[in-house]
Amino acid sequence: MTRDSDVYVPLRERVERARRARADLFISLHADAVEVGDAHGASVYTLSDEASDHEAAELAAQENLSDVIAGVRLNNEDDVVARVLIDLAQNETMIESRRFAATLVHQLDKSVGVLKTRPSRAAGFRVLKAPDVPSVLVEIGFLSSDADLKRMQQPLWRRKAAQAMVEAIDVWANGGVSH
């Protein structure tokens, strides 16, 4: 947990807390809203390839090429070697993120069944940019949708959605992918 009250925690700090805790998985849970249109349903985001390449380079410079991958110190390594090692670690993280996202989409569909037309999405959200922690951002629904808002306010629906997430984590942690 990066927070347990309604206090803002900067996005980069959320990722850093997960990394400091040596998290196996990072789930950023949100409810969205739009001013125009009729958006509704849940979706699960993973990091897009373009964003990850930029963040890997930024992270390498920012952290002085150290402690990015499994505690290996890269200070004395050539920058090219360091970038390759970071890219390899981040590629593995992205694969695991997508595997978890697919499992989560399946479990949410099976449990609460309210997903966007394309529930699996990719974007450059800052909270998805840890190079060593598989991460997803879940938009559980839209506060601007009357139907979504009504569902999210129902304790039974929230329990079912939470249970779907727990089941997805169990499947993912045991090396599987739900279909």
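Now for a quick tour of the structure. Predicted, not measured: the structure shown is a model, and the values here were computed from it.

Let us look at the sheet that holds strand β6 (residues 135-142). Strand order across the open sheet formed by 4 strands is β1-β6-β2-β5, with mixed pairing between neighbours. Where the open sheet ends on each side, the last strands, each with one partner, are β1 (26-32) and β5 (115-123). The mean inter-strand angle of the sheet, taken between neighbouring strand axes irrespective of direction, is 20°. Against the sheet, helix α5 (residues 155-173) makes contact with β1 and β6, and its axis sits at roughly 160° relative to β6, the strand it touches most.

Of note, the phi angle at Arg22 is positive, near 55°, even though the residue is not glycine. Looking at the element boundaries, Arg22 is found in the loop between α1 (11-20) and β1. For Arg22, a relative accessible area of 73% puts it in the exposed group.

Within this structure, the stated rule accounts for 6 salt bridges. Note that Arg19 is salt-bridged to Asp132, the shortest N-O span being 2.8 Å. Of this pair, Arg19 sits in helix α1 while Asp132 sits in the loop between β5 and β6, placing them 113 residues apart in sequence. Where salt bridges share partners, they join Glu13, Arg17 and Arg20 into one cluster.

Here the focus is α5. Taking 1.5 Å of rise per residue, 19 residues should cover 27 Å, and α5 covers 27 Å from first to last C-alpha, within 8% of that figure. Among the residues making up α5, those that are buried are Trp157, Ala161, Ala164, Met165, Ala168 and Trp172. Buried residues in α5, looked at end-on, bunch into an arc of 95°, giving them a common side. In α5, the exposed positions that point more than 90 degrees away from the buried face belong to Leu156, Arg159 and Ala173. Next to the buried residues of α5 lie β1, α3 (79-111), β6 and α4 (146-152).

So, about the packing of aromatic side chains. Scanning all chains against the criterion turns up 2 aromatic pairs. For the ring pair Tyr45 and Phe125, a centre distance of 5.0 Å and an interplane angle of 80° mean the geometry is edge-to-face. Here Tyr45 is found in strand β2 (residues 42-47), whereas its partner Phe125 is found in the loop between β5 and β6, with 80 residues between them in sequence. When its relative accessible area of 15% is taken as the criterion, Tyr45 is described as buried. For the pair Phe100 and Trp172, a centre-to-centre distance of 6.0 Å together with 75° between the ring planes defines the contact as edge-to-face. Pair noted here: Phe100 is in helix α3 and Trp172 is in helix α5, with a separation of 72 residues, a long-range link. A residue is classified by how much of its surface remains accessible, and Phe100, at 0% relative accessible area, is buried.

Scoring rules and cut-offs
- Residues numbered from 1 in each chain as written.
- Predicted model: local features only at pLDDT ≥ 70, side-chain atom pairs only at ≥ 80, totals over all residues.
- Heavy atoms only, no water.
- Pairing = 2+ DSSP bridges.
- Helix = DSSP H or I, 4+ residues; strand = E, 2+ residues; numbered from the N terminus.
- Axes fitted to C-alpha atoms, helices over the stretch in contact; angles between N-to-C directions.
- Contact = heavy atoms within 4.5 Å.
- Buried < 20%, exposed > 50% of the residue type's maximum accessible area, 1.4 Å probe, protein only.
- Salt bridge = Lys/Arg side-chain N within 4 Å of Asp/Glu carboxyl O.
- Expected span 1.5 Å × (residues − 1).
- Arc of directions from axis to C-beta.
- Phe/Tyr/Trp six-rings, centres within 6.5 Å; stacked < 30°, edge-to-face > 60°.

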